[in-house]
Amino acid sequence: MATAVGNNEGTELISSNDPELDKIQNFQGKYPKQLWYLFFSEMWERFCFYGMRGMLTFFMVHQLFMKEDEANLQYGATQAFVYAFTFIGGLFADKILGFRRSLFWGGLLMITGSLILAFDPREFFFLGISFTVIGTGFFKPNISTMVGALYKKDDARRDAGFSLFYSGINIGALLGGYACISIGKGELFGGVIPENLRWNVAFGLAAIVMTISLLTFVVTKKSLGTIGLSPLKDPLTPGVTGEKTKGNKWMMYATYIGSLAVVPVIMTMVAKTEYTDWFMYIIGPVTLIYLIYEMTKYSSAEVKKLAAALVFIIFSIVFWAFFEQSGGSLSLFAANNLDNKLLGAIEVDPNGLNNSANSLFVIIFAPLLGLVWIWMSKRKIEPNTVVKFGLGFLFLSLAFYIFYYTRFFADMRGMTSLDFFTLAYLVVTFGELCLSPIGLSIMTKLSPKPLQGVMMGMWFLASAYGQYVAGILGAGMVSPNENATAAEKLITYTDGYRQLSIYALIAGVVLIAISPLVRKLMQDVK
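The rules we used
Residues numbered from 1 in each chain as written. Predicted model: local features only at pLDDT ≥ 70, side-chain atom pairs only at ≥ 80, totals over all residues. Heavy atoms only, no water. Helix = DSSP H or I, 4+ residues; strand = E, 2+ residues; numbered from the N terminus. Rg over C-alpha atoms; globule rule 2.2 N^0.38 Å. Buried < 20%, exposed > 50% of the residue type's maximum accessible area, 1.4 Å probe, protein only. Contact = heavy atoms within 4.5 Å. Areas by Shrake-Rupley, 256 points an atom, 1.4 Å probe, with all protein chains shown as cover. Lys, Arg positive; Asp, Glu negative; His and termini not counted. Charge placed at Lys NZ, Arg CZ, Asp CG, Glu CD. Core = buried A, V, L, I, M, F, W, Y, C linked by side-chain atoms within 4.5 Å. Salt bridge = Lys/Arg side-chain N within 4 Å of Asp/Glu carboxyl O. Expected span 1.5 Å × (residues − 1). Axes fitted to C-alpha atoms, helices over the stretch in contact; angles between N-to-C directions. Parallel < 35°, antiparallel > 145°, perpendicular 65-115°, else oblique. Left-handed = near helix turned anticlockwise from the far one by under 90°. Nonpolar A, V, L, I, M, F, W, Y, C, P; charged D, E, K, R; others polar. pLDDT = per-residue confidence, 0-100. Phe/Tyr/Trp six-rings, centres within 6.5 Å; stacked < 30°, edge-to-face > 60°. Lys NZ or Arg CZ within 6 Å of the ring centre and 35° of its normal. Patch = residues over 30% accessible without salt bridge, like charges linked within 9 Å, V, L, I, M, F, W, Y side chains within 5 Å.

1. What to know about the overall build of the protein chain
When helices and strands are tallied, the protein chain shows 17 helices and four strands. Taken over the C-alpha trace, the protein chain has a radius of gyration of 22 Å; the compact-globule value for 526 residues is 24 Å, and the two agree within 12%. For the protein chain, the spread of C-alpha atoms along the principal axes amounts to about 75 × 55 × 40 Å. Going through the 526 residues of the protein chain one by one, you find that 59% of them count as buried. Relative to all contacts within the protein chain whose residues are 6 or more apart in sequence, the contacts with residues 24 or more apart total 80%. Summed over its atoms, the accessible surface of the protein chain is roughly 20800 Å², and 66% of this surface lies on carbon and sulfur atoms. One way to put it: in the protein chain the 41 positive side-chain charges average out to a point 10 Å from where the 36 negative ones average out.

2. Focus on the nonpolar core
Considering soluble globular proteins, one finds that nonpolar side chains tend to be buried as a cluster. In terms of nonpolar packing, the biggest core is built from 160 residues, with Phe 312, Phe 403, Phe 421, Tyr 497 and Met 522 touching the most fellow members. Sorting elements by how many residues they give to this core places helix H3 (residues 68-119) first, with 21 residues.

3. Regarding the pattern of salt bridges
As enumerated under the stated definition, the model contains 12 salt bridges in all. Between Asp 349 and Lys 185 there is a salt bridge whose closest N-O contact spans 2.6 Å. Highlighted residues: Asp 349 in the loop between strand S4 (346-347) and helix H12 (350-378) and Lys 185 in helix H5 (residues 158-185), separated in sequence by 164 residues. Given a relative accessible area of 23%, Lys 185 falls into the partly exposed group. Residues Lys 297 and Glu 294 are paired through a salt bridge, measuring 3.4 Å at the closest nitrogen-oxygen approach. What you see here is one network of salt bridges that share partners, running through Glu 42, Glu 45 and Arg 46.

4. Structural notes on unusual backbone geometry
Residue Leu 343 is not a glycine yet carries a positive backbone phi of 55°. One non-glycine residue with positive phi stands out, namely Lys 380, at about 60°. Tracing the chain through its elements places Lys 380 in the loop between H12 and helix H13 (385-405).

5. Digging into helix H16 (residues 486-513)
Given a rise of 1.5 Å per residue, 28 residues ought to cover 40 Å, and the 41 Å separating the end C-alpha atoms of H16 matches this to within 8%. Residues of H16 that are buried include every one of Lys 489, Leu 490, Tyr 493, Thr 494, Gly 496, Tyr 497, Leu 500, Ser 501, Ala 504, Ala 507, Gly 508 and Leu 511, and no others.

6. Some points on the packing of H13 against H16
One way to put it is that H13 packs onto H16 with a least axis distance of 7 Å and a crossing angle of 165°. It follows that H13 is roughly antiparallel to H16 by the angle criterion. Crossing handedness for the pair H13 and H16: left-handed. Along the lines of polarity and charge, the residues of the contact of H13 with H16 split into 19 nonpolar, five polar and one charged.

7. Let's talk about the confidence of the model for the protein chain
The share of residues in the protein chain with pLDDT of 70 or more is 93%, and the mean pLDDT across the chain is 86. With pLDDT under 50 throughout, residues 1-16 is counted as low confidence; its partners more than four residues away or in other chains account for 54 contacts.

8. Observations regarding the packing of aromatic side chains
Ring pairs (aromatic) are described by centroid distance and by the angle formed between their planes. A full pass over the atoms with the stated rule returns 41 aromatic pairs. Members of the aromatic cluster, joined through ring pairs, are Phe 333, Phe 400, Phe 403, Phe 421, Tyr 425, Tyr 493 and Tyr 497. Taking the ring centre of Phe 27 as reference, the NZ or CZ of Arg 157 above it sits at 3.8 Å. Above the ring of Trp 373, the side-chain terminus of Lys 388 is found at 4.3 Å from the ring centroid.

9. Considerations on a nonpolar patch on the surface
Where nonpolar side chains cluster on the molecular surface, the patch consists of Leu 360, Ile 364, Leu 368, Leu 371 and Ile 374 and spans about 440 Å² of accessible area. Assignment of secondary structure puts Ile 374 in helix H12.

10. Quick look at the environment of Ser 479
Residue placement: Ser 479 occurs in the loop between helix H15 (452-477) and H16. Spatially, the C-alpha atoms of Ser 479 and Leu 35 are 47 Å apart, while their sequence positions differ by 444 residues. Beyond its immediate stretch of four places on either side in the chain, Ser 479 contacts Ala 484 and Thr 492.

11. A short note on the side chain of Glu 45
Structurally, Glu 45 can be placed in helix H2 (residues 33-62). Ignoring any residue separated from it by four or fewer positions in sequence, one finds Glu 45 in contact with Met 110, Thr 136, Phe 139, Met 210 and Ser 213.

Below is the structure:
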């Protein structure tokens, strides 16, 4: 007899004896075909997202004429709301929409936001950004959770699947991160696109690729079987699961209307960063209280695993606060203090490189690092997940010390080496590869089935706090002198990077030291 269970692996409501799901999960080879479909949908969505992200701080300073510290805070607030809404989007997907409808609705909102910005990015900046914030919240956590649903709980191929999915994210980030900012600045197609339309085209490109992402998902969604269907069922038909939602459609419509109704609220809160402060002060404790309440429903063993997940989440906040300087202070550092010569001969846009170097290195080195982990595992010397997290911080510490050290290669004008800056991003990449792909996978491993969407949302909510803190840290690095020279800005920013290097070193050492305790909490989860 088929029994309806909440949120099986992908957190959708499906049968415990589902032949469609069994067929998907019993795939032959290294990857299921559905993973490739989700890979391409996510790749184009990340092109849109990282293209927009890479433009934000530069656009606010050079087109909206904000002060640099204000732009850093604005960047942190915007990105914080993007990731905070992933928790909310995951919650509504778990309880009402299902992952497919949530993803589709989020994609439509992101396309709308990009089109608004393409029409007039200066006049409607915060309106367009608000649509994008809400849309990303509905889209991002749910496609990640559907990837987890392609695998049985103990399938050893799960990490490889998430690593491939993660490379799709980075291909999109590489293309979007370089193309959008370079078009806006006129470094790419500057001779073709009229100067007064460059930013319109840059934001319009984000809308085009998001449309491709959504069409990819719509065309291939039937291959997903029951994965991602709405958890609601028609109350008039007991025992029927999946898309029989006639009796509860009002809840779906209320979700759609409600998400549109909060657009003016998000506009106000993003535009005024003091409101963001209050939002961040509230949502974290409320989320934690909700999780504690949910934990009372589970066994002691499951609670311990959730406690281990919280350790990863807390340390990830610190990691992303440092890592996300790339969209804030490092974006301004690239604009103000970097030459445009790579390896002494290749001309590149410093902001485009700032946005895309990390993604390029991930694409190159993620498979190689995976082989290293396999080689170490065969010799029984592979570090456990907690130690890998700690190593991520140690790499991050070294990277920020290199960012600091660029000051010693600067000329009298305060312009410094793009090569050394790129080297720092190479080291950042190894830190990220020790943490982020593992983090996506570990949330699904440590979470009970009904809480997987919520815990994935909490993983992204941790990123929200990281983004928020990143904005505060970036604003603190800005020279108090509004008319500071490039040389003065170089000293101010690199002093800040030295401090971040020290803090990352401390975090890494602490995490490695407590790794035995966290491993006990994780129990059988590797």
